[in-house]
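Per-entry structural report
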Amino acid sequence: MKSIDKKEDIFELIKSLSKSEKRYFVLFVSRNAVGKQHNSLKLFKAIESLTREKDKKYDKNKLLKKIEGESFTSRLSAEKRCLYNLLLKSLDAYHSDPVHEMNSLLHGVRILYKKGLTNQCLKLLKKVKKMALQDDYFITLLQVYLWEKKIIRTEPESSVLNDKDNQLILAEKKALQNYSDICELDNLVMKVARLNNYDQTPQYSDSIKVFEKIFKHPILGRSDKSLHSFTAKMLYYYIYSQYYLISHKDLNKKYYYCKKLKELCSNKPTFISNNTYNYIVITNNLGLTCLKLRKYEEAFQHLNHLKEIPEILHHSKPDILKLLSFHSIPDFELHYYYLTNQFKKALIILPQIIKDFEKYEKYVDKNTCIELSINIARIYFINEQFRDCLYWVNKILNKKDQNIRLDLQSETKIINLFTHYELRNFEIMESLVRSTSRYLSKNKRLFEIENVILTFFRTNNTNIFDSKERIALFDELKAKIRSIFKKNSDHEFLDYFDIISWLDSKIQNRPFVEVLRENRV
């Protein structure tokens, strides 16, 4: 894959800026704009206007036309470098956080130490230590301890260590242990995330062996009480919640760890404000688990809490918070309405969800977008708006990215078959069945239920809506499906498509939405 040319870096950076980031940059430069900085502002406005054009591609000729007559045109490369550095400084100031502040204070310590002002150094180090302990910045805390030991060495020599020295040594050992625990757990989280991004149903694939190996790590055999930092406990609970999600061994235990994780984070206000996206994901995961356990009232409370986060935080960057919320809320809300049989309500909120989807899609990871697309397609299918459903199915199938999760691709291909069947596109069913079968077989996802469905569509790909054999054929398929579900009551298939209700709707010649609601009751 061809990498972006260096001359386009500035264009890509400006294109990625939010409205408030752009506004902040203009103010940031305008405050002290002299000489070259005036040129940077002019160049910024010219490139920013290119990002709003229809093709949204960098075009040097268009840029030169926009800055024609400016004195810096002959040294454009140098001006672009200057603008790029100014943008990074502006973003650094805009996204200032505790790490930035602590690094600044440590820089102050370095300066004061060179001047021999060790008492002032200790005052700054005390402030950094408090901040580092508050949010588990153990790397920074270890730097504080190194500075404190360095300052101790400048004091009059003593033949023995005093209590203060011993406390410092013990504190450093504790920080090292806490940091080691976090590193071990974070490495496991990375491995789990890798596998999650590949396939969230490893119990049906070879990757289950990799999952089981991860969960045999010694640190996961320890009690959560042996972990002494917030971050370590958070990672520990997250890994266990993922284990019970992926392995499907015990949904109640998954709920237990999701709830422990949510309670841990809710009791730490700085986590919610500094890690808003993670908090949204944690709340979303708990809410979705409640839905699977039919704890609908609690799930609704979590959904409302997600919607209230902007007011809770009084967020100074509302556009960023809206983007963060888009990662979870629409998918959660559609799931809630789907599982509580509020299909018309789901249909009512779709226009706004689709509008936000078009706005934020490029900023959200591909698998999140596809999960939401499947949910949208499902709501259209249930409400018998099959052409709208097919639009969203095709939107997924037409993606060229090979790194889309296998379970999501497989789900989409199966929904695609049912949609074309409902649209009576019988002339292409044979070809669709063949390509779907080939894909599932190649990726080791041709399980028993998929095989039975493909066989049905393969042998009944003509217009059987008017056939006398219609009911018998559907009854036969229903019996086979029930037999499979009897052997595996937790089968993944029901999570995204209630095939029994669909078959009943065909057998009884009634609307799918009506039968689906009735069967659930």
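Predicted model only: the values in this text are computed from it and were never measured. (Residues numbered from 1 in each chain as written. Predicted model: local features only at pLDDT ≥ 70, side-chain atom pairs only at ≥ 80, totals over all residues. Heavy atoms only, no water.)

1. A look at the overall build of the protein
Scanning the protein from terminus to terminus reveals 27 helices and 0 strands. For the protein, buried positions account for 48% of its 521 residues. Long-range pairs, those at least 24 residues apart, make up 66% of the contacts in the protein with a sequence separation of at least 6. Summing over all exposed atoms, the protein offers an accessible surface of approximately 28300 Å²; the carbon and sulfur share of this is 51%. (Helix = DSSP H or I, 4+ residues; strand = E, 2+ residues; numbered from the N terminus. Buried < 20%, exposed > 50% of the residue type's maximum accessible area, 1.4 Å probe, protein only. Contact = heavy atoms within 4.5 Å. Areas by Shrake-Rupley, 256 points an atom, 1.4 Å probe, with all protein chains shown as cover.)

2. Section: the packing of aromatic side chains
Using the criterion set out here, one finds 36 aromatic pairs in the structure. Between the aromatic rings of Tyr24 and Phe28, the centroid separation amounts to 6.3 Å while the plane-to-plane angle is 25 degrees, which identifies the pairing as stacked. In this pair, Tyr24 and Phe28 are both assigned in helix 2 (residues 19-30), 4 residues apart and thus about one turn of the helix distant. Relative to Tyr257, the ring of Tyr237 lies with its centre 6.4 Å away and its plane at 40 degrees, an arrangement referred to as tilted. Of this pair, Tyr237 sits in helix 11 (residues 230-247) while Tyr257 is found in helix 12 (residues 251-266), placing the two residues 20 residues apart along the sequence. A residue is classified by how much of its surface remains accessible, and Tyr237, at 5% relative accessible area, is buried. By relative accessible area, Tyr257 is classed as buried at 15%. Cluster of aromatic residues (ring-pair linked, three or more members): Phe381, Phe386, Phe418, Tyr421, Phe426, Phe456, Phe457, Phe474, Phe497, Trp502 and Phe512. (Phe/Tyr/Trp six-rings, centres within 6.5 Å; stacked < 30°, edge-to-face > 60°.)

3. Re the environment of Asp498
Mapped onto the secondary structure, Asp498 falls in the loop between helix 25 (493-496) and helix 26 (499-508). On a C-alpha basis, the gap between Asp498 and Phe512 in space is 9.8 Å, while along the polypeptide they are 14 residues apart. With sequence-adjacent residues up to four places away left out, Asp498 is seen in contact with Tyr338, Phe512 and Leu516.

4. Considerations on the side chain of Asp135
Here Asp135 shows up in the loop between helix 7 (118-134) and helix 8 (138-152). At 4.0 Å, Lys268 is the nearest oppositely charged side chain to Asp135, a buried residue that forms no salt bridge. (Lys, Arg positive; Asp, Glu negative; His and termini not counted. Salt bridge = Lys/Arg side-chain N within 4 Å of Asp/Glu carboxyl O.)

5. Overview of the pattern of salt bridges
This structure, assessed with the given rule, holds 20 salt bridges. One salt bridge connects Asp224 with Lys260, and the closest N-O pair in it is separated by 3.6 Å. One end of the pair, Asp224, is in the loop between helix 10 (208-214) and helix 11; the other, Lys260, is in helix 12, with 36 residues separating them in the sequence. The class for Asp224 is buried, based on a relative accessible area of 16%. Looking at Lys260, the relative accessible area reads 25%, which means it is partly exposed. One salt-bridge network, held together by shared partners, links Lys22, Glu48 and Arg52.

6. Points about a positive patch on the surface
On the surface, Lys19, Arg23, Lys355 and Lys359 cluster together into a positively charged patch. Of note, Arg23 is situated in helix 2. For Arg23, a relative accessible area of 52% gives the class exposed. (Patch = residues over 30% accessible without salt bridge, like charges linked within 9 Å, V, L, I, M, F, W, Y side chains within 5 Å. Charge placed at Lys NZ, Arg CZ, Asp CG, Glu CD.)

7. Observations regarding the packing of helix 6 (residues 98-114) against helix 8
At their nearest, the axes of helix 6 and helix 8 sit 11 Å apart, and the two run at 15 degrees to each other. Considering the angle they form, helix 6 stands roughly parallel to helix 8. By crossing handedness, the relation of helix 6 to helix 8 is classed as left-handed. In contact with Met102, Leu106, Val109, Arg110 and Tyr113 of helix 6, helix 8 contributes Thr140, Gln143, Val144, Trp147, Lys150 and Ile151. (Axes fitted to C-alpha atoms, helices over the stretch in contact; angles between N-to-C directions. Parallel < 35°, antiparallel > 145°, perpendicular 65-115°, else oblique. Left-handed = near helix turned anticlockwise from the far one by under 90°.)

8. Focus: helix 17 (residues 329-339)
Summarising burial for helix 17: 9 of the 11 residues are buried, a large majority. Inspection of helix 17 places Ile329, Pro330, Asp331, Phe332, Glu333, Leu334, Tyr336, Tyr337 and Tyr338 among the buried residues, and these make up the whole buried set. Remark: Asn341 follows helix 17 within two positions and exhibits a positive phi of approximately 65 degrees.

9. With respect to the packing of helix 20 (residues 386-397) against helix 21 (residues 406-422)
For the pair helix 20 and helix 21, the least separation of the axes is 10 Å and the interaxial angle reads 150 degrees. What the angle tells us is that helix 20 and helix 21 run roughly antiparallel. Helix 20 and helix 21 meet at a crossing whose hand is left-handed. Judged by residue contacts, Phe386, Cys389, Leu390, Val393, Asn394, Ile396 and Leu397 of helix 20 engage Thr412, Lys413, Ile415, Asn416, Thr419, His420 and Glu422 from helix 21. Counted by class, the contact of helix 20 with helix 21 contains 7 nonpolar, 5 polar and 2 charged residues. (Nonpolar A, V, L, I, M, F, W, Y, C, P; charged D, E, K, R; others polar.)

10. Section: the confidence of the model for the protein
Averaged over the protein, the pLDDT score is 85; the fraction of residues at 70 or greater is 88%. Low pLDDT (under 50) marks residues 1-6, which in the prediction has 2 contacts with non-local residues, meaning those over four places away or in another chain. (pLDDT = per-residue confidence, 0-100.)

11. Quick notes on the environment of Leu303
Looking at the secondary structure, you find Leu303 in helix 15 (residues 296-313). Through-space distance from the C-alpha of Leu303 to that of Leu288 is 9.4 Å; in sequence the pair is 15 residues apart. Apart from the residues lying within four places of it in its own chain, the contact partners of Leu303 are Ile329, Phe332, Glu333 and Tyr336.

12. What about the environment of Lys62?
As for its placement among the helices and strands, Lys62 is situated in helix 4 (residues 60-66). The exposure class assigned to Lys62 is partly exposed, which follows from its relative accessible area of 32%. Here the alpha-carbon distance between Lys62 and Ala46, two residues 16 residues apart in the chain, equals 9.4 Å.

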